[in-house]
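The residues making up each chain are set out below.
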Amino acid sequence: MKSEFEYFLDGKLNEECGVFGAYNIDEASQIVYYGLHSLQHRGQEGAGIASSDGENIITKKGEGLASEVFDSEKLSTLIGNMSVGHVRYSTSGGGGIENVQPLFIRAHTGNFVVAHNGNIVNTRELKMHLEAMGSIFHTTSDSEIIAHLIQREAGDFKEKILKALTKIEGAFSFIIMTKDSMYVIRDKNGFRPLAMGTLDNAYVFSSESSAFQIVGAKYLRDVEPAEVITLHKNNIEIDFYTDATQNKMCAMEYIYFSRPDTIINGLNVHTSRRRAGAILARECPVNADIVIGVPDSSLSSAMGYSDYSNIPCEMGLIKNRYVGRTFIKPNQMLRERGVMMKLSAMEAIVRDKNLILVDDSIVRGTTSRHIIKLLKNAGAKEIHVRITSSPIISPCFYGVDISNYDELISTKYNAKELADFIGADSLYFLSSEGMYEAMGKNICTACFTGKYPTSTFSLLDEIKNQK
Ligand code: SF4
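First, a word on scope: everything that follows refers to the structure included in this document. (Residues numbered from 1 in each chain as written. Predicted model: local features only at pLDDT ≥ 70, side-chain atom pairs only at ≥ 80, totals over all residues. Heavy atoms only, no water.)

Another point: a nonpolar patch on the surface. A cluster of nonpolar side chains, Ile236, Ile238 and Phe240, forms an exposed patch at the surface whose accessible area comes to about 240 Å². Here Ile236 shows up in strand E13 (residues 235-240). (Patch = residues over 30% accessible without salt bridge, like charges linked within 9 Å, V, L, I, M, F, W, Y side chains within 5 Å. Areas by Shrake-Rupley, 256 points an atom, 1.4 Å probe, with all protein chains shown as cover. Salt bridge = Lys/Arg side-chain N within 4 Å of Asp/Glu carboxyl O. Helix = DSSP H or I, 4+ residues; strand = E, 2+ residues; numbered from the N terminus.)

Note: strands within a sheet are paired through backbone hydrogen bonds, in either parallel or antiparallel orientation. As summarised here, the arrangement of the six strands in space is E5-E6-E7-E8-E12-E13, forming an open sheet in which the pairing is antiparallel. Because the sheet does not close on itself, it has two edges, and the strands there are strand E5 (103-105) and E13. If you compare each strand with its neighbour and ignore which way they point, the axes differ by 20° on average. In the sheet, strand E6 (residues 112-120) pairs with strand E7 (residues 170-178) via nine bridges, with the strands oriented antiparallel. Paired with Ala115 across the bridge in E7 is Ile175. On top of the sheet, helix H6 (residues 144-152) reaches E5, E6 and E7; it is set at about 125° to E6, its chief contact. (Pairing = 2+ DSSP bridges. Axes fitted to C-alpha atoms, helices over the stretch in contact; angles between N-to-C directions. Contact = heavy atoms within 4.5 Å.)

Our next topic: the packing of aromatic side chains. Enumeration according to the criterion identifies twelve aromatic pairs in this entry. Measuring from centroid to centroid gives 5.1 Å for Phe397 and Tyr452, while their planes differ by 50°, and the two rings are tilted. One end of the pair, Phe397, is in the loop between strand E22 (383-387) and helix H15 (415-422); the other, Tyr452, is in the loop between helix H17 (446-449) and helix H18 (460-466), with 55 residues separating them in the sequence. Taking 6.3 Å as the distance between ring centres and 65° as the angle between the ring planes, the aromatic pair formed by Tyr398 and Tyr452 counts as edge-to-face. Of this pair, Tyr398 sits in the loop between E22 and H15 while Tyr452 sits in the loop between H17 and H18; the two residues are 54 residues apart in sequence, bridging distant segments of the chain. Residue Tyr398 is classed as buried on the basis of its relative accessible area of 3%. (Phe/Tyr/Trp six-rings, centres within 6.5 Å; stacked < 30°, edge-to-face > 60°. Buried < 20%, exposed > 50% of the residue type's maximum accessible area, 1.4 Å probe, protein only.)

The next subject is the site of the ligand. Around the ligand, the structure places Cys250, Ala251, Met252, Cys396, Tyr398, Val400, Cys444, Ala446 and Cys447. In terms of residue class, the shell around the ligand is made up of nine nonpolar, no polar and no charged. (Near = heavy atom within 4 Å. Nonpolar A, V, L, I, M, F, W, Y, C, P; charged D, E, K, R; others polar.)

What follows deals with the pattern of salt bridges. All told, the structure shown has 15 salt bridges when counted by the stated rule. Across the salt bridge formed by Lys167 and Glu153, the nearest N and O atoms sit 2.3 Å from each other. Note that Lys167 is positioned in the loop between helix H7 (157-165) and E7 and Glu153 in the loop between H6 and H7, a separation of 14 residues in sequence. For the pair Lys167 and Glu153, a shared accessibility class is recorded, and that class is buried. The salt bridge involving Glu237 is made with Lys158; its shortest N-O contact spans 2.6 Å. With Glu237 in strand E13 and Lys158 in helix H7, the pair connects residues that are 79 residues apart, well separated along the chain. Salt bridges sharing common partners tie together Arg42, Arg192, Glu208 and Glu253.

This part takes up empty space enclosed by the protein. Regions of empty space are outlined by a rolling probe, equal in size to a water molecule, passed over the atoms. Overall, the coordinates contain six cavities of 30 Å³ or more when judged by the stated rule. Counted as a void, the largest cavity has a volume near 110 Å³. Lining the largest cavity we find 14 residues, and of these Cys250, Met252, Cys396, Cys444 and Cys447 sit closest to its centre. Here the lining of the largest cavity gets three residues from one element, more than from any other, and that element is H17. (1 Å grid on protein atoms, 1.4 Å probe; cavity = no way out; pocket = protein on both sides within 12 Å on 5 of 7 lines; lining within 4 Å. Points joined across faces, edges and corners; volume = space filled by probe spheres on them.)

Another point: the packing of helix H5 (residues 123-132) against H6. At a minimum axis distance of 11 Å, the contact between H5 and H6 shows a crossing angle of 45°. Looking at the two axes, H5 sits oblique to H6. Once H5 is placed against H6, the crossing between them reads as left-handed. Between H5 and H6, the contacting residues are Thr123, Leu126 and Leu130 on the first element and Ile145, His148, Leu149 and Arg152 on the second. Split into classes, the residues belonging to the contact of H5 with H6 amount to four nonpolar, two polar and one charged. (Parallel < 35°, antiparallel > 145°, perpendicular 65-115°, else oblique. Left-handed = near helix turned anticlockwise from the far one by under 90°.)

These values are about where atoms sit, not about what they do.
Written as structure tokens, this is what we have:
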């Protein structure tokens, strides 16, 4: 579990990783490097790129940001027209260089690499079974499981992948690369996003479509739930590892994680956030002088609240871009003054004003309390908090670091009690109907409802029966 200090710095939820792949383009690793830059918000603990020239796979990786891990010299060693990259935030398996991806797997049938975004739910059962069968794990990352499962299956490499995928439960977008092929995979529930684009004669794949723009690629479509796209000898083949699919995109992608210029399930993230803000204004109007959003994720929603209410939208908070990567803990005095916060209040805007403060979610309440304190210290009068999601009451098993009930303040307090705790004059959470109206029906809302779209039962017996 995170410390209070880590929450103080991070402020918000974190997700596990982003992936980017490029197929059939000269200096593919350069494309992937820039793609990873655009996905950096999805993970800052480690970055890696693997590339293939058709004969050999070369992998380079390290801890830190993509710009810290790679320089032009390192990139120049990653030759070939096929490449896959990864940025890591560790919710499962912990940090450490051995867990930075892509994972390189040596196999007598041919080496391959795996890049994974998500969280495998039945990790423990699968690991126990695989170890009992003789598999030796080199990392503590759940992503290594797919590699061992593939190794144990019969058939050509694609058949092995298709069979292995049926044994994994949970959230996963994988890009797997051999020396001459790339396999792009999304789980059958569609939890984590994965988009496909084109760049001249090349195909590119990314956790977020927004990363295509930076490399000049064009968004084509989302990879579908259970879809396995095989790229081999400049051909593309489409398979589905199961037809038991559903489309349960993580609602947090719309609410918080993804960049506003990303498109998920055909819906632009900025548009869905703006809609959520307007619905909040309709569901819970309040008189105030200005609406302000917590940067960056709630700026679109604040616009939406303003659209509907006709209350002017203002910039009351400024994000301090570079405080997140300090490892020096603030002393008590600094903590109390809030100087290490990622945000600063704009006194010229908020002094003597009644505010509507739009934010995306409340996990532990500590960040909201800090923000409200900042605004009050800057002279704000009333602060009415409006949240663009429902209260978080359940953990996430699908790759977001909402790990247990104890850290979820909405399991302890109702909205009135929570308003008192964070120091707000009022607090309202978007209804679940409002969330569906803003984001569409094809979303996972398990952490808001406790109703999980997958069973978390062990697949061990099923696997044993197949062996
Ligand atoms: S439980 Fe919540 S955080 Fe996890 S995938 Fe579902 S909506 Fe996203």
